[in-house]
Structure formats: structure tokens, C-alpha cells
Amino acid sequence: MRNTLAFSLAVLLGTLPLSVLAAQVANEAPIAALPLDQALDTFARQTGLQVVYTPDAVHALRSTAVPAGLEPRGQLHALLAGTGLDYRFVTASTVTLVPAGHPDKSVAAARRADTLPPIDGAEGTPRDLAPVSVQANTVDTLAPSAPPLEATQPTSVIDERFIRDGLRFNANFDDIIKYSPSVTVTSPEGPGMGKNEGISIRGFQDGQFNITFDGIPFGDASDLHHTTSAYFNNHVLGQAEIDRGPGGGATLGNATFGGTVGLRSRDPAKVDGVTLYTTAGSWNTLAGGVSADETIGNTRIFADISKEKSDTYLKGVDDEREHAFIKTLTTLSPGTTLTFVSSYNREHQNTVQGATKQQIDQFGWRRGLTDDPLLQSYKGYNNAAYYSSFTYVGLVTQLGAWTMDNKAYLNTFDHWARKTTDATDDNPADNGVTVYNAAGKKVSTLKHDVPGKLSDSGFHAFGDVLRFERELGPGQLQTGAWLERSQDARYQYPLDLTTGVATGTKYGSTYNYLLRDRTDTFQPYVQYDWSITDALTLSPGARYSTVTRQMSAPVSKQNARVSQYDSANYNALLPSLSLHDSFSDRWAGYAQVAKGFLAPPIDVIELSGSRKLDPETTTNYQIGTAYADRGLTFGADVYYIDFRNYLASTLVNTDVGQQPTYLNAGGAIYKGAEVEGTFALTPALSLYGNATYNEATYKHTDTRIAGTPKLTAALGVLYSSPLGYYGSVMAKFIGAQYGSDNATDGSGNTVFVDDHRLAAYVSTDAALGYRSADGGPTGKGWSVSMDVNNLFNVHKFIGYAGTQSVSGDALYWGLPGRGVFLDLSLKL
């Protein structure tokens, strides 16, 4: 099997440039005696090696001076002399620190970044077992994403330096991941402005893949989607990892079959200080904030506060956002670390719903909302507010041979909205409000008043993620569980927006709907990483998922005359098997098969009532490779996914206008190939590119699933230097796709057909900056950068936004035009 896998991956990889196989040479520059973390940073920059360690492992340690002329191994050995630490190469370009005299582990086990040995004293500092938790000072070359050698599925890791240097201040996490393979984002209001209107990975839409924060899954209670602007900006994120596969048994979440976007919070900096930052740019954008890093005793603290205001690219949106974040890391003992994280976000904006082609032809690409209070498209009638918080307490410790990682959390989200019946409607003849009394009898009709509705939805989810890990026999055993309860409350009632008075309904109720729902999730898991040889690891795993949804609706969405009380339970055993083979120190391959599962969202019960829909299930097959050298990182994979019980969203006419509902579309097949790589032209200048082919069609048809471009690609040149100039030019190509894949025929039946074609487009972004470690008004350092979004001012349709309620005309999202932003920071 191993020879077969190696041969298959060799065909994928092709012939590697001989230049990247060159041996490391002696370093000419000496390194002075420094605090050990600073010395390791200097060593990494000079040699191009990556050194992996936890900050606590080198705290308060100093290196010895190292003369010039030593080859990297001898230089690192000299740096660590007298510190009680030693090193081990886990790839040709990656080194991990271990206690001096630590017994050797298998190379395969040590190679995995999530199973590195403890490195702080005899007992060691246990590491965070959540995904995306490795701390590293990376090589000088910069890339928007890179495939790690230890991956057992198609994976791209986005480094903190690209998050910091390649994007404007206050970018959202959808901006961070948009250049990665198979990723498509729809952000019509501009980078980091307003809410994202869609994220797609391989054609899986938001809600069909997993998003985690420090290993904790999160998402809106109703349909598992994510309002990107309502959570984390790039100031507080230290890394992102996109897993384009279901993962193993230890991968927790609601929709892992579509992949996982793993966000990791930024750790406190090694050097204390306070930094002021500000942004000014296009569309009257102005933002500012302050971040602070501080060490108090055995606790390190990072805190950030920011505020932003912008008109955004679309007129009438008027977006305002405030964000606060704090993270503390406390070393309770050499074997125990306590983490506290709390984030709060508040955003107000006027909500747009897209525009017709005729409106864009008439008013231009910035068509959003109007200033006319006689129209439904008036910005003063279409308002929304988002409030979110995310807090957790994490404890990582050693319990004998076990490492334990436990996170208890509370996640809250509230969405208040007031809007017209159709915010895209410019025809005053479509106005009109009917007023009903408490008995449901018509009282009056106000022909010229503007009809609307007011709604509020708020949920809080509290839970716990518990992980254990230990060495057992010839491998590593992982086990644990995720437990969560999510409680949600929502209402909506019709409103006369001209007078601000509730109109009542023909059913006698004030509300269109009034409901509460609860979702309980429990996922225990077990996984064993069996080191068959030093190079070959087989990882069988299993996760059991049980989801129970309950709903209590005094006023039902389906029929406001009656109350609705319903519940449903969904269960699945999800086995997985992956094989990881290290063909050499630079080259690895993997193969994986895994089952996936997604319980229908609460909307299915709300809209379908007792007509239960089966859960979605998948079988994922993947094979791929990763290569990493000082001059080249490369990854490639092919995949095939058999999707059963595909729940498709469609619109139906109701008494309160068009409402979404779900239907079982049968099955679908997802298949494709992905490749990405970074080539180092010099130690600071790199060339990045990726290309993907993604095909997603309903079974037994030629109908493509909406929002799935067959082709995507990215190409960029990036320059990175710890001090001095840095910058990048990145282009992303999105192939043609369809905005919808189903419609209602004359008999009222749903038929599957592709419609609302969106043409291919290319968008190019650029960044240029300068960073100094000293100078400026305070003498402690400063930076200045300019970020340009859509450099060539391309105008294309990038998303389908539904239809107008009266005319039935299609609505679209457009690519935001060129935006220029100036970022400044000053260290105090």
C-alpha cells in the first residue's frame, strides 16, 4: 500500500526543481547573547529554518553568543548550550525544541505539529490540543497559505504575518481566507465592511462547513451560518487553517464534511508594549484602535479595542463597528496553563438586499439604499444591529501520562433588524399597509404608507470541549467530547414604517412568528495515530454525533393561527481512516476516507413542521501530497464526495411574502483537484499560486449546485522583511458559476435547473508598507502601509441575491470597486 501511495503522489507532484534540494550552508553572521526567544528569531531569519516552540518554554532563558561560520545545526546547538533544551529536526526546514536528554520518539510522531513533545522542564508544558495551536517563528518567505507536511487531508495554513502584512487593518476572517484554494467569498460592501454575503469551499456553502475559534465550533443557531463582521477581525487573530476535508475522529463540529476553517486567537507578544493604530480610506472609512501586551507575574496579557465607521462601497449602508478583545495566559505550574479569552463586537448598519441589473445600469455599481423616505429602498427604514460575544476559560495540564485540554465557553449573538418588505423596491405604487385589530379584522388600508417588519433573534450557546491525549504503545491516543446547549428566541411583526406603528395580522396576532428553540449537541470521539514505522502512520478514528432540536412557537412561521411545538433527534456514527506517509524529510503524502453528517437546521422544523427531513450524510475520499523545503512549499490533492439527502433551500409564497424552506434534493457528487505552492525567489521575495477544479452536481442530472465555480485560481508576488519594506500583489480568479439551481414550475413543483449565470472574473489586491523598530515620535517603532482592494477597478456580478418580491426580477451582488486604505501604527 505504501508503494502504491508513494507512486500516486509522485504522479501528482511531478518533478521537483533540483534547486530546492540544495543543502543548507554555513551562516556568515554571528548572533549575540540575547534572550532566547530573540536569538531564535534571529537564527530563523538568517537560516530560513522554522523553529517550533511554546513561549513558556524559553521564558527567562538567554542564549550564548554564537560566532559566524557555523552551519545551522552547530549554530543552534551553541545557542541552546546551558539552557536545558535541545532540538530535533522534524522536516528539512522545521526544528522543534525538546528538553535536553529527552528520550527520542518516533520520527512520525514528532513530525506532527499537534504531537510535539513537551518542552518546559522535566514534566513539560502541556500544549493546547485544539487544532491550529502551534507557535512558530517562520521563515522569511511569505505566502497567503501553505500546506503543512503533517496534514492528513488537504490543508492550508495562513500565517500571522500575512494576516498582518497582506490585509488592511480591521479585515474580517473571510478576507483572510479568500486567496486559499477552492475558497470563494462574496463581500459586496468592501474588505472588512458590512456582512459577508457568502463563503464557499469546494461549493459547500456557509453552514455546510465548520468554523472554530481556538478549537471551539460556533455558528448561528438557526442555520449554522456566520455573520463574519460580527465576530473577529485580523487584529486579534494569530493564524487560520482551512481543512478541506472531514478530518479524523478528533475533528469536532456540526458540518465537518465540508471542511473546517480553524481560527486561532493571537497570543500576547514576547515584548511588552502599547500600539496605537488607525486607518483612513475610501468611502469615508475611518478606524482606530489600541492594542497592549503586558506581563504581570506569571500572566501574559493581550488586549485590543477598536472602532470603525464607513459609508462602505454600497451607498446608504453607513456601517459602524466596535470591537473589544482580551486574552490572558497564566502559567500556574510547569505543567499547567490557564487561558482566558473574551471578545465583544457591536455593529450597526443599514441593510441592503442586492440590486437588479436595471438598477445598476441606471444608478451604477454602488447602488444600495436611497435617501427618499417615500420609497421602500429608503436607508432610514432598513436598519440592523449585531451584538456578539465569545468567552472561554481553558485549562491545559498533565494528568500523569495524559495531557488534558479543557475549554468551557459561552457564545452569544443577537441580530435586531427593521426593514421594508423589499429594500430594493423603488416604485411608490408598491407601498400600502393594512391595519388589523386584535380579532384579525381589517381596520383600514393606508395606500401610501411604507410596509415593513421588525424582527429580533438572539441566542446563546454554552458548552465544553474536553480533549485528552497520551502516548500508548506504538502511537498516540486521542479521546474526548464536545457538549453544547444552544438556546434561541426570535420574533417578527409587521410594521407601518411611515408611522412606526405595528399593524397586526389577519390572524389576530401581533406577530408573524414568535418562538423559542433549543439545540443540544453531544459528540464523543476517539482516534489512534498508529506509528507503523518511523515514516508511516495509520489513524483510525470514530466520532458519535447526537443532535436534539426542540421548538416552542406560540405563533408559528408556517401558520400564525396555530401554535407549534415540535422536536427531532438525529444520531450518527462517523468513522474515519487516514494514512500518512513521510517519503522523505521534505515530502509526505496522505490518503483518507471518512463519513460526514449534518443534522437539519432548526429552520427545517420551523418551516416544515412535522414533515421531517433526513440528515445530510457524506462519504469523503481524498488523496494528496505536501512538499516543504527552504525554497518551495507545494501541495496537491484529488477528492470525491458522495453526498446523500442534500437539503436545498428554495422560496415559497406565504401570507407574509416569500419565505425560504427546505427540500430533499436527493444526492449530489462533489469531485475535483487542488494544487498550491510557494517558490522562494530570494529569502524575502516569494511567488505564490494555486489552482482548483471543483465540480458539484445533483445526482443523475447535469444541474450544477449553485455557488460552485468549476475553476478558481490565485497568483501573487509577496515581499516580506521583519524590518523595512514589505508588500504583496495578489490576484484571485473565480470561474463562471450559477446563482440558483432550482425553481418552481407552473404547477408549483420544484424543478432543478441552473439559472442566473455569473461570469468569471479576476480581482487584484495590493499592499505596500514599511516597518521600523525604532524612530518615530516615541522612538519605539512605527509602521505605515497602503492597501488597495480591486486594484484595476473591475466591475462584475459576483453573487445572486434572490428576487424582488413584486416584480420577480433577479437581484445581484457586485464586486466592490477600487478601495484605497492607509494604515498607520505607532508603538508607545
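**Here's the deal with the overall build of the chain**
Moving on, step 1. Regarding its fold elements, the chain presents nine helices and 43 strands.
Moving on, step 2. For the chain, the residues scored as buried account for 58% of the 828 residues in total.
Moving on, step 3. Residue pairs at least 24 apart in sequence account for 68% of intrachain contacts in the chain once pairs closer than 6 positions are excluded.
Moving on, step 4. For the chain, the accessible area works out to roughly 30900 Å², and carbon and sulfur atoms hold 57% of it.

**Here we look at a nonpolar patch on the surface**
Moving on, step 1. There is a patch of nonpolar side chains on the surface, built from Leu681, Leu687, Leu715 and Val717 and spanning about 340 Å² of accessible area.
Moving on, step 2. Summarising the element assignment, leucine 681 is placed in the loop between β33 (667-680) and β34 (685-698).

**Describing the nonpolar core**
Moving on, step 1. Residues Ile176, Phe213, Phe232, Leu263 and Tyr670 are the most contacted members of the largest nonpolar core, which totals 64 residues.
Moving on, step 2. A per-element tally of this core places strand β18 (residues 383-399) first, with four residues.
Moving on, step 3. Once residues lying within four places of it in the same chain are set aside, the contact partners of isoleucine 176 are Ile158, Phe162, Ile163, Leu167, Asn234, Leu237 and Ala240.
Moving on, step 4. In this structure, Leu40, Leu49, Ala78 and Leu97 belong to the second largest nonpolar core, which totals 18 residues.

**Let's talk about unusual backbone geometry**
Moving on, step 1. Not every positive phi belongs to a glycine, and serine 182 is a case in point at roughly 65 degrees.
Moving on, step 2. Residue class for serine 182 comes out buried when judged on its relative accessible area of 3%.
Moving on, step 3. Here histidine 756, not a glycine, exhibits a phi torsion of approximately 60 degrees, which is positive.
Moving on, step 4. The class for histidine 756 is buried, based on a relative accessible area of 17%.

**Topic: the sheet that holds strand β8 (residues 204-205)**
Moving on, step 1. Strand order in the open sheet made by the three strands is β6-β7-β8, with antiparallel pairing throughout. Each of the sheet's edge strands pairs with one partner strand only, and the pair in question is β6 (183-186) and β8.
Moving on, step 2. Alignment of strand β7 (residues 198-201) against β8, held across two bridges, turns out to be antiparallel. Each bridged residue has a counterpart across the sheet, and for isoleucine 201 the counterpart in β8 is phenylalanine 204.

**Some thoughts on the pattern of salt bridges**
Moving on, step 1. Within this structure, the stated rule accounts for 22 salt bridges.
Moving on, step 2. Here aspartate 267 and arginine 264 are joined by a salt bridge, their closest N and O atoms 3.9 Å apart. For the pair shown, aspartate 267 and arginine 264 are each scored as buried.
Moving on, step 3. Overlapping salt bridges bring together Arg202, Arg244, Asp637 and Glu674 as one network.

**Quick word on helix α2 (residues 36-47)**
Moving on, step 1. Here α2 is 12 residues long and its end C-alpha atoms lie 16 Å apart, about the 16 Å a rise of 1.5 Å per residue gives.
Moving on, step 2. Burial in α2 covers these residues: Leu36, Asp37, Ala39, Leu40, Thr42, Phe43, Ala44 and Thr47.

**Some points on the packing of aromatic side chains**
Note on aromatic pairs: each is described by the distance of the centres and the angle between the planes.
Moving on, step 1. Under the definition given, this model contains 35 aromatic pairs.
Moving on, step 2. Ring geometry for phenylalanine 583 against tryptophan 587: centres 4.8 Å apart, planes inclined by 65 degrees, an arrangement best described as edge-to-face.
Moving on, step 3. Residue classification places tryptophan 587 among the buried positions, given a relative accessible area of 18%.
Moving on, step 4. Relative to tyrosine 812, the ring of phenylalanine 797 has its centre 4.9 Å away and its plane inclined at 45 degrees; by these criteria the two rings are tilted. With a gap of 15 residues between them, phenylalanine 797 in strand β41 (residues 797-803) and tyrosine 812 in strand β42 (residues 810-814) connect regions that are remote in the sequence.
Moving on, step 5. Feature note: the residues Phe213, Phe218, Tyr231, Phe232, Tyr386, Phe390, Tyr409, Phe413 and Phe459 constitute an aromatic cluster, connected by ring pairs.
Moving on, step 6. Across from the ring centre of tyrosine 639, 3.7 Å away, lies the NZ or CZ of arginine 202, which sits over that ring.

**So, the sheet that holds strand β12 (residues 260-265)**
Moving on, step 1. Across the sheet, which stays open at both edges, the five strands sit in the order β5-β11-β12-β9-β10 with mixed pairing between neighbours. Strands with a single pairing partner mark the edges of an open sheet, and in this sheet they are β5 (155-158) and β10 (216-217).
Moving on, step 2. Judged from the six bridges that link them, strand β11 (residues 237-243) and β12 form a sheet pairing that is antiparallel. Note that in β12 the partner of alanine 240 across the bridge is leucine 263.

**Brief notes about the pairing of strand β21 (residues 442-446)**
Moving on, step 1. Two strands pair when backbone bridges link them, and strand β20 (residues 433-436) and β21 are joined in this way by four bridges, in the antiparallel orientation. Across the sheet, valine 435 pairs through a bridge with serine 444, a residue of β21.
Moving on, step 2. Counting the residues that bridge the hairpin from β20 to β21 gives five residues, and of these glycine 440 lies at a positive phi of roughly 85 degrees.

**Points about the side chain of aspartate 267**
Moving on, step 1. Along the polypeptide, aspartate 267 turns up in the loop between β12 and β13 (273-281).
Moving on, step 2. Polar side-chain contacts of aspartate 267 include one of 2.5 Å to the side chain of lysine 327.

**Observations regarding the side chain of glutamate 676**
Moving on, step 1. Relative to the helices and strands, glutamate 676 is located in strand β33.
Moving on, step 2. Notably, glutamate 676 is buried but unbridged: the nearest opposite-charge side chain belongs to arginine 244, and the N-O separation is 4.6 Å.
Moving on, step 3. Polar side-chain contacts of glutamate 676 include one of 2.4 Å to the side chain of serine 156.
Moving on, step 4. Apart from the residues within four sequence positions on either side, glutamate 676 is in contact with Ser145, Ala146, Pro147, Thr155, Ser156, Pro181, Thr633, Phe634, Gly635, Tyr688, Gly689 and Asn690.

**What about the environment of alanine 542?**
Moving on, step 1. Within the secondary structure, alanine 542 is located in strand β26 (residues 536-555).
Moving on, step 2. Owing to a relative accessible area of 22%, alanine 542 belongs among the partly exposed residues under this scheme.
Moving on, step 3. Not counting the four nearest positions on each side in its chain, alanine 542 is found in contact with Gly249, Pro524, Tyr525, Val526, Leu573, Leu574 and Pro575.

**Let's talk about helix α4 (residues 72-79)**
Moving on, step 1. All of the buried residues along α4 are Pro72, Gln75, Leu76, Ala78 and Leu79. Looking straight down α4, one finds that the buried residues subtend no more than 160 degrees of arc, so they occupy a single side.

**Regarding the pairing of strand β9 (residues 210-213)**
Moving on, step 1. The side-chain alternation of β9 yields two buried faces, one formed by Asn210 and Thr212 and the other by Ile211 and Phe213.
Moving on, step 2. The pairing of β9 with β12 spans four bridges and is parallel. From the neighbouring strand, isoleucine 211 faces β12, where its bridge partner is valine 261.
Moving on, step 3. The sheet contact formed by β9 and β10 spans two bridges and is antiparallel. Considered in β10, the bridge of phenylalanine 213 is made with isoleucine 216.
Moving on, step 4. Between β9 and the antiparallel strand that follows it, β10, lie two residues; aspartate 214 among them carries a positive phi value of about 50 degrees.

**Some words on the environment of glycine 190**
Moving on, step 1. Residue position: glycine 190 is located in the loop between β6 and β7.
Moving on, step 2. Here glycine 190 falls in the buried class, since its relative accessible area comes to 1%.
Moving on, step 3. Distance from glycine 190 to proline 816, taken between C-alpha atoms, is 5.7 Å for residues 626 residues apart in sequence.
Moving on, step 4. Other than its neighbours up to four places away in sequence, glycine 190 contacts Trp283 and Pro816.

**Concerning the packing of α2 against α4**
Moving on, step 1. With their axes 11 Å apart at the nearest point, α2 and α4 run at an angle of 175 degrees to one another. Between α2 and α4, the angle is such that the two are roughly antiparallel. Contacts between α2 and α4 pair Leu36, Ala39, Leu40, Phe43, Gln46 and Thr47 from the former with Pro72, Gln75, Leu76 and Leu79 from the latter.
Moving on, step 2. Here the contact of α2 with α4 is composed, by residue class, of seven nonpolar, three polar and no charged.

**Brief notes about the confidence of the model for the chain**
Interpretation of the predicted coordinates at a detailed level should be avoided for regions scoring low in pLDDT.
Moving on, step 1. The predicted model of the chain averages 84 in pLDDT, with 85% of residues at 70 or higher.
Moving on, step 2. In this model residues 4-27 is a low-confidence stretch, pLDDT under 50, and it forms 55 contacts with partners more than four residues away in sequence or in other chains.

**Re the environment of serine 772**
Moving on, step 1. Within the secondary structure layout, serine 772 lies in strand β39 (residues 761-772).
Moving on, step 2. Along the sequence, serine 772 and serine 783 sit 11 residues apart, while their C-alpha atoms lie 6.2 Å from each other.
Moving on, step 3. Beyond its immediate sequence surroundings of up to four residues, serine 772 is in contact with Leu723, Gly781 and Trp782.

Conventions we followed
Residues numbered from 1 in each chain as written. Predicted model: local features only at pLDDT ≥ 70, side-chain atom pairs only at ≥ 80, totals over all residues. Heavy atoms only, no water. Helix = DSSP H or I, 4+ residues; strand = E, 2+ residues; numbered from the N terminus. Buried < 20%, exposed > 50% of the residue type's maximum accessible area, 1.4 Å probe, protein only. Contact = heavy atoms within 4.5 Å. Areas by Shrake-Rupley, 256 points an atom, 1.4 Å probe, with all protein chains shown as cover. Patch = residues over 30% accessible without salt bridge, like charges linked within 9 Å, V, L, I, M, F, W, Y side chains within 5 Å. Salt bridge = Lys/Arg side-chain N within 4 Å of Asp/Glu carboxyl O. Core = buried A, V, L, I, M, F, W, Y, C linked by side-chain atoms within 4.5 Å. Pairing = 2+ DSSP bridges. Expected span 1.5 Å × (residues − 1). Phe/Tyr/Trp six-rings, centres within 6.5 Å; stacked < 30°, edge-to-face > 60°. Lys NZ or Arg CZ within 6 Å of the ring centre and 35° of its normal. Polar contact = N/O pair within 3.5 Å; in protein donor to acceptor, adjacent residues only side chain to side chain. Lys, Arg positive; Asp, Glu negative; His and termini not counted. Arc of directions from axis to C-beta. Axes fitted to C-alpha atoms, helices over the stretch in contact; angles between N-to-C directions. Parallel < 35°, antiparallel > 145°, perpendicular 65-115°, else oblique. Nonpolar A, V, L, I, M, F, W, Y, C, P; charged D, E, K, R; others polar. pLDDT = per-residue confidence, 0-100.

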